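# Report on the structure
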Amino acid sequence: STFRFDLPNLPHLSDKDKEAYKTQVREREEALEEKRRQEERDMQREQRAQQEAVRRNRHRQKEALLKEKEKRVEQEDQEKQEAEVEEVKKKKDRGVEEDDVYVDDEKV
């Protein structure tokens, strides 16, 4: 056999204390909810800041790679130009004119 035993809500408190208790609980829950919302906003702000930092870093890396590539191309162009100048000097030393056409080192 089961006996049902019903107690009123917060039986150890007076009616005035019950209202004060409920007010405190509500205020604490509201404060915790506001704290949770603020933490969520802070996390979102931090995530955006991290994403922006990653974006800026990628941009800097791309710029650095482009500059490096430009330097390489300039250096290759300079080396090619120097090689062409050297070839012209060699031809002049051998008495070859610019307009002469050679096949297998024989003038055609």
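Predicted, not measured: the structure shown is a model, and the values here were computed from it.

### Considering the overall build of the protein chain
The helix and strand tally for the protein chain stands at 1 helix and 2 strands. Evaluated residue by residue, the protein chain yields a buried proportion of 4% over its 108 residues. Put simply, the protein chain shows about 10800 Å² of open surface, and 48% of that area lies on carbon and sulfur atoms.

### Details of a negative patch on the surface
Residues Glu70, Glu74, Glu76, Asp77, Glu79 and Glu82 make up a contiguous surface patch of negative charge. Relative to the elements of secondary structure, glutamate 82 occurs in helix α1 (residues 15-93). Looking at glutamate 82, the relative accessible area reads 46%, which means it is partly exposed.

### Some points on the confidence of the model for the protein chain
Residues with a pLDDT of 70 or more make up 81% of the protein chain, whose mean pLDDT is 86. No element of the protein chain has a lower mean pLDDT than strand β1 (residues 102-103), at 59, and none a higher one than α1, at 93.

### Side note on the side chain of lysine 18
For lysine 18, the location among the structural elements is in helix α1. Of the side chains with opposite charge, aspartate 15 lies nearest to the buried lysine 18, which makes no salt bridge, at 4.1 Å. With residues up to four places along the chain from it excluded, the contact list for lysine 18 reads Asn9, Leu10 and Leu13.

### Things to note about the pattern of salt bridges
Using the criterion set out here, one finds 9 salt bridges in the structure. Glutamate 52 serves as the salt-bridge partner of arginine 56, at 3.7 Å between the closest nitrogen and oxygen. You can see arginine 56 and its partner glutamate 52 sitting in helix α1, 4 residues apart, about one turn around the helix. Judged by relative accessible area, which is 30%, glutamate 52 ranks as partly exposed. Through salt bridges that share partners, Glu33, Glu34, Arg36, Arg37, Glu40 and Arg41 make up one connected network.

What counts, and at which threshold
- Residues numbered from 1 in each chain as written.
- Predicted model: local features only at pLDDT ≥ 70, side-chain atom pairs only at ≥ 80, totals over all residues.
- Heavy atoms only, no water.
- Helix = DSSP H or I, 4+ residues; strand = E, 2+ residues; numbered from the N terminus.
- Buried < 20%, exposed > 50% of the residue type's maximum accessible area, 1.4 Å probe, protein only.
- Areas by Shrake-Rupley, 256 points an atom, 1.4 Å probe, with all protein chains shown as cover.
- Patch = residues over 30% accessible without salt bridge, like charges linked within 9 Å, V, L, I, M, F, W, Y side chains within 5 Å.
- Salt bridge = Lys/Arg side-chain N within 4 Å of Asp/Glu carboxyl O.
- Lys, Arg positive; Asp, Glu negative; His and termini not counted.
- Charge placed at Lys NZ, Arg CZ, Asp CG, Glu CD.
- pLDDT = per-residue confidence, 0-100.
- Contact = heavy atoms within 4.5 Å.

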